[in-house]
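The lines below spell out each chain.
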Amino acid sequence: MFVARWSEPDFPSEPIPVGPWGVSSTAADPLVGLLDTLRGAVGVACAEVRLADGVLVRSGTGRAEPRRLVDIPLGPDGDLGTLSLFDPSLPGLSEAQGACLSGYALAVALTLARRQDTAALARAKSECALLTAIVRDQGAALAESRNTFEGAARGARIGVWECRLSDERLTWTDGVYDLFEIPRGDRLDRDATLRCYPPGSLATMQALRSRAIAEGGGFHLDTEIVTARGRRRWMRLTATVECVDGVPVRIFGMKQDITEEKREADRTRHRAEFDDLTGLPNRSVFQAGLAALDGPGADAVAFAALLLIDLDGFKAVNDTFGHARGDTCLTEAAARLHDACRPGDLVARIGGDEFAVLLHGPLEAEGSEACADRIIAALGTRIEGNGRVVHLGASIGIARTGSCGAAELFDRADGALYAAKATGGNAHRSFFPRMSESVPAG
C-alpha cells in the first residue's frame, strides 16, 4: 500500500496543462480544477484539501471515513493544509497511483502557496494604501499645523533659530531673517550676526550662552540689536542646549521682535515716574530717592542736601493770565531749574508749583547755597499781559543730610522754606537747629 509523506516528488509522467493559476481548470476555482484533474488521473472518487484555516475544498463524491486512502501534509511543515483521497471501492493506492499522486500533491501545494502569496500581496497592497492615506492625512495635518504656527509666528513677530555647536552653523526661519533685516535665505555667518549686538548686549548674551552650554541648560534675555539696515530693535531671546550622551551638540530657541512692547513699557514707566507737564521726575521718584536715607545702605547715600522750592507769584499768573499760561510758566520754570543744577542732581516736581532737588555729594561748604543762588537767578522773571505785570521768583529751603532720616530731613528743608518765604520770598534759607523753634507745627 502507498504511504504518503512530504518530499520533493516527481511530477506525473502525463503533463498537467498550465493556465493562469499554474494549472488548467474548467472550474472557477483553480484549486477545484486541479483536484478534478488529480481525481481523474489517480482514479479515485473524491479528493479534498483542508486548508490550515479549516476551509474545505472538495472534488467528487463518495467520501466515506473507512475508505480514506491517504492524507498528505501540504508544505514543508504541513502549514498549507492536508490533501486527502477517498474511494469506497479501493482498498488502497498502487505504486503507480502513488507516484502520480506525489506530483499532484506538489502542484496542489504550489497552488496554495501562490494563493497565499496573492492574498498576502493583496493585504500588503491594502495596508500600503492605508498607510499612504494615513501619511497623506498626517502630512496635511502637519502642513496645516505649520501654516498655523507660521501665521501665529508672523503675528507675534517670532522666529526659530538653531546653532550647530561643532561648526557654529546657523539655521533661521523667516521670522529671524526679518527681525535682523537680512534677506531671507542669505548665507548666515555667526560672526557677522554678532556684530548686530551693541558691545554691552553682546557681552551679556555671550556670558549667558557659555554658561548654558557648560551646564547643558538654557537662558532668556531681552536685548537690543542693530539690524543690517541700521535700525535699533529690541529682541527677546530664548535658548535651550541639546546634549547627546552628555555632550552639547546644538543650541536652539526663539527670537521675538519686542520693540513695540519695549516702547510701550518705557512709555508706561515714564508715565509712572515722570510729570506729564514738565517732564521732570515726579513725587514718587523723589520719595524713593529720599527713602534711601532709611535703608540699610544709608551710609552710602549719594546725595548730600535737599532743596525744597516754591514758585513765588505763580498763583497770580494763573489768576491773571489763565491756567494755560500758568502751565507754560511751569514748563519753562522746570527747564530753567533743571539747567541750574548739576548733572546727577535729582530735580523733581512734587506739587502744583513745588519742586525738590536732591543734591549729590560731596558738596563744598557753601555748595548747596550756591546752587540755590543759581536757581533763584534762573527762575526770576517778569510776565506781562492784559495790561498787567506779574513778577515770578522762588523761595528755597535747604537742609543737609547728616544723622537724620528721610522724614526729618524733609521737615528741616520745609522749615527752612517757611523761613525763606517769611522774608518776602525770592530768597533761600538753610536749616539750623534752633530754626525748628520758630516753625509753626503742621
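The structure we're discussing is the one just above.
A few points on the structure. (Residues numbered from 1 in each chain as written. Predicted model: local features only at pLDDT ≥ 70, side-chain atom pairs only at ≥ 80, totals over all residues. Heavy atoms only, no water.)

### Structural notes on the packing of helix H9 (residues 323–340) against helix H10 (residues 367–379)
Line of reasoning, step 1. Interhelical geometry of H9 versus H10 gives an angle of 150° and a closest axis separation of 9 Å. If you check the angle between H9 and H10, you find them roughly antiparallel. Here H9 and H10 pass one another in a crossing that is right-handed. Residues Ala-333, Arg-336, Leu-337 and Ala-340 of H9 lie in contact with H10, whose contacting residues are Cys-371, Arg-374, Ile-375, Ala-378 and Leu-379.
Line of reasoning, step 2. In the contact of H9 with H10, the residues fall into seven nonpolar, no polar and two charged. (Axes fitted to C-alpha atoms, helices over the stretch in contact; angles between N-to-C directions. Helix = DSSP H or I, 4+ residues; strand = E, 2+ residues; numbered from the N terminus. Parallel < 35°, antiparallel > 145°, perpendicular 65-115°, else oblique. Left-handed = near helix turned anticlockwise from the far one by under 90°. Contact = heavy atoms within 4.5 Å. Nonpolar A, V, L, I, M, F, W, Y, C, P; charged D, E, K, R; others polar.)

### Details of the sheet that holds strand S5 (residues 158–164)
Line of reasoning, step 1. A sheet is described by the order of its strands in space; here five strands give the open sequence S6-S5-S9-S8-S7, paired in antiparallel fashion. Of all strands in the sheet, those bounded by a partner on one side alone are strand S6 (169–172) and strand S7 (218–226). Neighbouring strand axes in the sheet, compared pairwise and without regard to direction, differ in orientation by 25° on average.
Line of reasoning, step 2. Inspection of the sheet shows S5 paired to strand S9 (residues 247–257) by seven bridges, in the antiparallel sense. Considered in S9, the bridge of Gly-159 is made with Lys-255.
Line of reasoning, step 3. Across the face of the sheet, helix H5 (residues 199–215) comes into contact with S5, S7, strand S8 (232–244) and S9 while running at roughly 160° to S7. (Pairing = 2+ DSSP bridges.)

### Notes on the side chain of His-428
Line of reasoning, step 1. Positionally, His-428 belongs in strand S15 (residues 428–430).
Line of reasoning, step 2. Classification of His-428 as buried rests on a relative accessible area of 18%.
Line of reasoning, step 3. A distance of 2.8 Å separates polar atoms of two side chains, one belonging to His-428 and the other to Asp-373.
Line of reasoning, step 4. Not counting residues within four places of it along the chain, the set of residues in contact with His-428 comprises Glu-369, Ala-372, Asp-373, Ile-376, Ile-396, Ile-398 and Ala-420. (Buried < 20%, exposed > 50% of the residue type's maximum accessible area, 1.4 Å probe, protein only. Polar contact = N/O pair within 3.5 Å; in protein donor to acceptor, adjacent residues only side chain to side chain.)

### Structural notes on empty space enclosed by the protein
Line of reasoning, step 1. Inspection of the entire model under this criterion finds one cavity of 30 Å³ or more.
Line of reasoning, step 2. For the largest cavity, the lining is made up of 14 residues, of which Trp-161, Arg-190, Tyr-197, Met-205 and Lys-255 are closest to its centre.
Line of reasoning, step 3. Elements with a minimum of two residues in the lining of the largest cavity: S5, S6, helix H4 (190–194), H5 and S9.
Line of reasoning, step 4. A class-by-class count of the residues in the lining of the largest cavity yields 10 nonpolar, one polar and three charged. (1 Å grid on protein atoms, 1.4 Å probe; cavity = no way out; pocket = protein on both sides within 12 Å on 5 of 7 lines; lining within 4 Å. Points joined across faces, edges and corners; volume = space filled by probe spheres on them.)

### With respect to the state of the cysteines
Line of reasoning, step 1. Here the structure, examined in full by the defined rule, presents zero disulfides.
Line of reasoning, step 2. Free of any disulfide, Cys-341 has its nearest cysteine sulfur in Cys-371, 4.0 Å distant.
Line of reasoning, step 3. Of the residues examined, Cys-341 reaches a relative accessible area of 9% and is grouped as buried. (Disulfide = S-S within 2.5 Å.)

### Topic: the nonpolar core
Line of reasoning, step 1. Ranked by size, the top nonpolar core spans 32 residues in total, and within it Leu-307, Ile-309 and Ile-375 carry the most contacts.
Line of reasoning, step 2. Every element with two or more residues in this core is listed here: strand S10 (303–312), helix H8 (314–321), H9, strand S12 (354–360), H10 and strand S14 (388–400).
Line of reasoning, step 3. No other element matches H9, which puts six residues into this core.
Line of reasoning, step 4. For Leu-307, the residues in contact, after removing those within four places along its chain, are Phe-355, Ala-356, Val-357, Leu-359, Ser-368, Cys-371, Ala-372, Ile-375, Ile-396, Gly-397 and Ile-398. (Core = buried A, V, L, I, M, F, W, Y, C linked by side-chain atoms within 4.5 Å.)

### A word on the packing of helix H7 (residues 283–290) against helix H11 (residues 406–422)
Line of reasoning, step 1. Between H7 and H11, whose axes approach to 9 Å, the crossing angle comes to 115°. Here Arg-283, Phe-286 and Leu-290 of H7 come into contact with H11, specifically with Ala-406, Leu-409 and Phe-410.
Line of reasoning, step 2. Residue composition of the contact of H7 with H11, by class: five nonpolar, no polar and one charged.

### Some details on the sheet that holds strand S2 (residues 56–60)
Line of reasoning, step 1. Strand order in the open sheet formed by four strands is S2-S1-S4-S3, and the pairing between neighbours is antiparallel. Edge positions in the sheet fall to S2 and strand S3 (68–74), since each has one partner strand and no second. Here the strands of the sheet are splayed against their neighbours by 15° on average, with no regard to which way each runs.
Line of reasoning, step 2. Judged from the six bridges that link them, strand S1 (residues 46–51) and strand S4 (residues 81–86) form a sheet pairing that is antiparallel. Residue pairing across strands places Ala-47 opposite Leu-85, the latter belonging to S4.
Line of reasoning, step 3. Across the sheet, helix H1 (residues 30–42) touches S1, S2 and S4, and the angle it forms with S2 is around 40°.

Any link to function would need more than the numbers given here.
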